[in-house]
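Remarks on the overall topology
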Amino acid sequence: MTRATRARINTDALRHNLTRAREIAPGTRIMACVKANGYGHGLVEAARAFRGADAFAVACLEEALEIRSAGLGHPVVLLEGIHRQREVELVRENGFELVLHDHAQLDVLEASGLPQKLWLKIDTGMHRLGFPPEQAEAVLARIQRGNLAEGPLRYMTHLASADELQGTPDTGEQIRQFKALTRDWPGERSIANSAGVIDWPESHEQWIRPGIMLYGVTPFSDRHGRDVGLLPAMTVSTELIAIKSVEKGGRVGYGGGWSAAHDMPLGIAAIGYGDGYPWHVANGTPVLINGRPSRVVGRVSMDMITVDLSDHPQARVGDEVILWGESEGGEARLPVETVARHAGTIPYELLCGVTRRVKFDVD
Ligand SMILES: *Cc1c(COP(=O)(O)O)cnc(C)c1O
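Predicted, not measured: the structure shown is a model, and the values here were computed from it.

**Considerations on the UniProt feature "domain: Alanine racemase C-terminal" (unreviewed entry) in the protein chain**
- The feature "domain: Alanine racemase C-terminal" (unreviewed entry), as given by UniProt, occupies residues 233–363 in the numbering adopted here.
- The span residues 233–363 is 10% helix and 38% strand, and its two end C-alpha atoms sit 10 Å from each other.

Right, dumping it as structure tokens:
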């Protein structure tokens, strides 16, 4: 049989979310994050939908080149920069912009003798990429001395906990520190990821860097995309491939960890961890069958899950099962944020994790 597992990508929703980001952070420029295959939505499809953005942000050169191959001439920012000499030419030829976050990258730029468009990254507490604030002046001097920057230098930092109002490190403190450090530096700045855009207006500055929100999803545990005016852009669905009944006490799936409390009908749906529906999804995780709520019972297999049909006496083989997203008309909804909570993960991982076996329909 052909596999019914599908990811439907709603490009109108993607466009809407870009407009929504502009509404929330008026007067800023938007660096749309399309890394990791456009958060699983398709890099080129996402970038085309976001062609109204002022720049794109990606993790690596391969992703940046894909944007150029699609015929998009926008500025493209490499969020991790480069650290190999042989990448320098390609970056310049394509006019890519580099995030500069480490001394080894300065060595590469100096050795190349080619100035590049640079974003200097400061580490204000995330302790991942970026120069410590106390090194910033020395780094600036080295950039100037080596004539390493083409055009004006720009500055960024990244928030570690902006999705939590009482997070650690303290978001307000990160923002204050960055602003204090860069106060007298000429040039544009960028702080905000999606959580910053939505909840921390003081982080907006000249450039925002939204990712997850452009796909209609929030980074928060207590609010979904629609709560902040965003429209989810990905729906993952499949079909029932078998219907059966199990008697009271019957055990379901690998390991037999779940047993029926009473006689009940079950459905088998064609999706599993081989499609990116995680093994960690717990018993009771909601799904929609023909637009109405049901739940997963037993363990997720590679190719299949089992669902409770107690409230679905009419269900038949071939009926639609939505794992997250919305029915075609939008009246039935299952936010990916909810499914992520049941799987002990974050919506980012679910969106990025849909595998190649799933058919993508872009509309
Ligand atoms: C991925 C990324 C973003 C976007 O984050 P979201 O939480 O998806 O909005 C912004 N800035 C940097 C440096 C990133 O790596």
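**Considering the site of the ligand**
- Close to the ligand lie 14 residues; K35, Y39, S194, I212 and Y348 are nearest.
- In the environment of the ligand, a nitrogen atom lies 3.5 Å from a nitrogen or oxygen atom belonging to the side chain of H158.
- In the model, an oxygen atom of the ligand is placed 2.7 Å from a nitrogen or oxygen of the Y348 side chain.
- For the ligand, the accessible surface in isolation is 390 Å², of which the surrounding protein chains cover 91%.

**Here's the deal with helix α7 (residues 136–146)**
- Taken together, the buried positions of α7 are occupied by A136, V139, L140, R142 and I143. All buried residues of α7 project into a common sector of 160 degrees when viewed along the axis, lining one side. In this structure, α7 carries E137, A138, Q144 and R145 as exposed residues pointing more than 90 degrees from its buried face.
- Structurally, α7 contributes buried residues whose contacts are with β5 (97–100), α6 (103–112), β6 (117–121), β7 (154–156) and α8 (171–182).
- Two residues or fewer past α7, N147 is found with a positive phi of approximately 50 degrees.

**A closer look at helix α1 (residues 11–24)**
- In this model α1 runs 20 Å from its N-terminal to its C-terminal C-alpha over 14 residues, within 8% of the 20 Å that 1.5 Å per residue would give.
- Buried within α1 are the following residues: T11, A13, L14, N17, L18, A21 and I24. Down the axis, α1 shows its buried residues gathered within 155 degrees of arc, on one side only. Of the exposed residues in α1, those oriented more than 90 degrees away from the buried face are D12 and E23.

**Brief notes about unusual backbone geometry**
- In this structure, the amide linkage connecting T168 to the following residue, P169, adopts the cis form with an omega of -5 degrees.
- In this fold, P169 is placed in the loop between β7 and α8.
- A positive phi angle is found at N37, which is not glycine, with a value near 55 degrees.
- Checked against the element boundaries, N37 lands in helix α2 (residues 35–39).
- Given a relative accessible area of 37%, N37 falls into the partly exposed group.
- For Y39, which is not glycine, the phi torsion reads 50 degrees and is therefore positive.
- Residue placement: Y39 occurs in helix α2.
- On the basis of relative accessibility, which here comes to 7%, the residue Y39 falls in the buried class.

**Observations concerning the side chain of N94**
- Along the chain, N94 turns up in helix α5 (residues 88–94).
- Once residues lying within four places of it in the same chain are set aside, the contact partners of N94 are L65 and R68.

**Digging into the domain arrangement of the protein chain**
- Parsing the protein chain into structural domains produces domain 1 (11–219) and domain 2 (234–362).
- Centre-to-centre, using C-alpha coordinates, domain 1 lies 37 Å away from domain 2.
- Tallying the contact residues gives 10 residues for domain 1 and nine residues for domain 2.
- Around 890 Å² of area is buried between domain 1 and domain 2 when both sides are counted, 73% of it from carbon and sulfur atoms.
- Considering only the surface of domain 1 that becomes buried against domain 2, Y39, H41 and V217 emerge as the three largest contributors, covering 43% of it.
- Run the count over domain 1 and domain 2 and you get zero salt bridges.
- Run the count over domain 1 and domain 2 and you get one residue pair in polar contact (both at pLDDT 80 or more).

Parameters and conventions
Residues numbered from 1 in each chain as written. Predicted model: local features only at pLDDT ≥ 70, side-chain atom pairs only at ≥ 80, totals over all residues. Heavy atoms only, no water. UniProt positions renumbered as here; feature names shortened; annotations may be inferred. Helix = DSSP H or I, 4+ residues; strand = E, 2+ residues; numbered from the N terminus. Near = heavy atom within 4 Å. Polar contact = N/O pair within 3.5 Å; in protein donor to acceptor, adjacent residues only side chain to side chain. Areas by Shrake-Rupley, 256 points an atom, 1.4 Å probe, with all protein chains shown as cover. Buried < 20%, exposed > 50% of the residue type's maximum accessible area, 1.4 Å probe, protein only. Arc of directions from axis to C-beta. Contact = heavy atoms within 4.5 Å. Expected span 1.5 Å × (residues − 1). Domains from an automatic or database assignment. Buried area = accessible area lost by both parts, 1.4 Å probe. Salt bridge = Lys/Arg side-chain N within 4 Å of Asp/Glu carboxyl O.

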